Amino acid sequence: MDRKVALAICFVFGVVMFIQYFSGSSLARQVNQSILEYWQIVFAFTLVVGIVGVVRTNVQRINKRDDVFFRIVTLAGIIIMPVVALIWGIKADTPFMWMFENIQAPMQATVFALLAFFVASASFRGFRARSVQATVLLVSASIILLSRSALGGILADEIPQFAEWMRNYPSMSARRAILIGIGLGSITTSLRVILGIERTWLGGRR
Amino acid sequence: MKRLHSRHWVFLGLLVVITAAMLLRVPMQLRTSPETQRMFDYLDQLPEGSVILVSFDHEASSLPEIRPIAEALLRHAFERDHKLIGMALLAEGTVIGYRLMEQVAEEYAREYGEDYVYLGFKPQFIAAILSMGESIPATFPEDYLGSPYATLPLAQKVSSYDDVAGVLSITDGSLTTHWIEYGGARYNLRVMAGVTAAMVTTYDPYVSSGQMHAMIGGLRGAAEYEQLIDVGGGGLRGMLAQSTAHLYILLLVIIGNVLYWREKKNKAGKR
């Protein structure tokens, strides 16, 4: 019974949202605005579900003595940030924002910056001209790399021009094909969900 | 152990190359790409006082690349006396965007409320974009600082996308796609973007089809833009480091392949 109710809600909202998209009436716009507001409220509840999941998993792992220190840091972050936000707010110049700007942002930038070192290491150890395809990839990547630096234009004008050609033709046609595939796949999946054919979002049971 | 050793040398080499390039500060002259020129021309030719929505749709991790892009675009917009409404679709971009707008507005003596406004973060980006198309005041009843929307002189002139010249999405991911699909397709909002280099090819089809009006990409895009507005910044400063790092990686690829072919030849010789 509960699954039928969920399927009915999904069908009704799917059809209503589909129809209102093509309607210019004021009633349709009001319905749209109300649904969008509820959408954001529902999203807030999904965050709670996510937080409960993270806390539960980490507590279970701590009990099993698995990476205890890192899990305690994770849990401390989950507890401290909302507490600080609740006491002093989340606007500029609050302790919450101080922690974000001085702890979270530098840590994230540091982790992201490490990618440069991994790329350098991987290009030395793994980027080999083992086959014709790999050689084409290697040459293309080298030209793009040069074109995105200041040296491309200095070495030869043809390098940025050729890189632009690669972006505008081979790369873009492949990208477009992927995008069209994604679009068609999204339409099919959406229809299957709205019509109740696809039910894995309910837990996967038939 | 030997393999671990070579990796460490690679890391150390990159560190030396980037540090040396950052210390050198050699002035660079770059060829302006057509897409950067297109973005510049659009902002330059907009009538003075046009309202532009600036959405900071990025995380903190990409700040070194995103910051020069955002600064260059904000500088140009403020210099041309455009009015800016800032916001964020990712929580992490919220304070970063606010700080950037505050800093650049101060450089050009622009006043909060009159010349720029910061609305802050709205969760659930698709719902937020669609909701703003219906009503911006209903989506953001108050600004980031807690002032009611109706009390802000600039905000009073803006009730929906019809009142803005376009949206400038500063992004390190695929969020601009939602601006195109929902803001552009449904509400005819003009979409422009400043994106990280890794995302350039993702957005190329949208620029080519006209669904995205203009785009600047990566540190190079920022550096080109800084040249066009004649204000130096992080783009031009970082270009030498990026260029030498690229050269270093190319050199590693060549050395790696020479070693690979030599090893292959040796093996074939033994058989």
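In this text, all values refer to a predicted model and were calculated from it rather than measured experimentally.

Caption draft 1: The packing of helix α5 (residues 132-148) of chain A against helix α7 (residues 158-194) of chain A, seen in detail. Residue and element names in this part refer to chain A. One can describe the packing of α5 onto α7 by two numbers: an axis separation of 9 Å at closest approach and a directional angle of 120 degrees. The orientation of α5 with respect to α7, classified from their angle, is oblique. Here α5 runs over α7; the crossing is left-handed. On α7, the residues that touch Ser140, Ile143, Ile144, Leu146, Ser147 and Arg148 of α5 are Ile159, Pro160, Phe162, Ala163, Met166 and Arg167. A breakdown of the residues in the contact of α5 with α7 according to their chemical character gives eight nonpolar, two polar and two charged.

Caption draft 2: Broad picture of the pattern of salt bridges. Scanning all chains against the criterion turns up 18 salt bridges over all chains. A salt bridge links Arg80 of chain B to Asp44 of chain B, with the shortest nitrogen-to-oxygen separation between them at 3.7 Å. Note that Arg80 of chain B is positioned in the loop between α3 (63-79) and β2 (83-88) and Asp44 of chain B in helix α2 (residues 34-45), a separation of 36 residues in sequence. For Arg80 of chain B, a relative accessible area of 22% gives the class partly exposed. Residue Asp44 of chain B is classed as partly exposed on the basis of its relative accessible area of 27%. Through salt bridges that share partners, Asp93 and Glu101 of chain A together with Arg99 and Glu102 of chain B make up one connected network.

Caption draft 3: Inspection of the packing of α3 of chain B against helix α10 (residues 218-229) of chain B at higher detail. All names here are of chain B. Close contact between α3 and α10 brings their axes to 9 Å; oriented N to C, the two are set at 25 degrees. With respect to α10, the element α3 is oriented roughly parallel. As for the relative orientation of α3 and α10, their crossing is left-handed in sense. Packed against α3, whose contacting residues are Pro64, Glu65, Pro68, Ile69, Ala72, Leu73, Arg75 and His76, the element α10 presents Gly218, Leu219, Ala222, Tyr225, Glu226 and Ile229 at the interface. For the contact of α3 with α10, the class distribution of residues is nine nonpolar, two polar and three charged.

Caption draft 4: Structural detail: the side chain of His82 of chain B. With respect to the secondary-structure elements, His82 of chain B resides in the loop between α3 and β2. Non-local contacts of His82 of chain B, meaning those with residues more than four positions away in its chain, are made with Leu43, Leu46, Pro47, Glu48, Gly49, Ser50, Ile52, Ala77 and Asp115 of chain B.

Definitions and limits used
- Per-chain numbering applies: the sequence of each chain, read as written, is numbered from 1 onward.
- To read the labels, note that chains go from A and ligands from 1, taken in the order they are written.
- Restriction of local features to residues with pLDDT of at least 70 applies here, the model being predicted, together with a cutoff of 80 or more for giving and counting side-chain atom pairs; totals for whole chains, interfaces and linings are based on all residues.
- Excluded from the side-chain calculation are hydrogens and water; included are all heavy atoms of the structure.
- Only the stretch in contact is used when a helix axis is fitted, and all axes are lines through C-alpha atoms; the angle between N-to-C directions ranges over 0 to 180 degrees.
- Put simply, DSSP H or I for four residues or longer makes a helix, DSSP E for two residues or longer makes a strand, and each gets a number counted from the N terminus.
- Reported orientations rely on four angle classes, namely roughly parallel under 35 degrees, roughly antiparallel over 145, roughly perpendicular from 65 to 115, and oblique for the rest.
- Whether a crossing is left-handed or right-handed is set by the direction in which the near helix is turned from the far one by less than a right angle, anticlockwise for left-handed and clockwise for right-handed.
- Throughout, a residue-residue contact means that at least one pair of heavy atoms, one from each residue, lies within 4.5 Å.
- Under the scheme applied here, ten amino acids are nonpolar (Ala, Val, Leu, Ile, Met, Phe, Trp, Tyr, Cys and Pro), four are charged (Asp, Glu, Lys and Arg), and all others, including Gly, are polar.
- Within this document, salt bridges are pairs made up of a side-chain nitrogen of Lys or Arg and a carboxyl oxygen of Asp or Glu, the two lying within 4 Å of each other.
- For each residue, the accessible area found with a 1.4 Å probe, counting protein chains only, is set against the maximum for its type, and the residue is called buried under 20%, exposed over 50%, and partly exposed in between.

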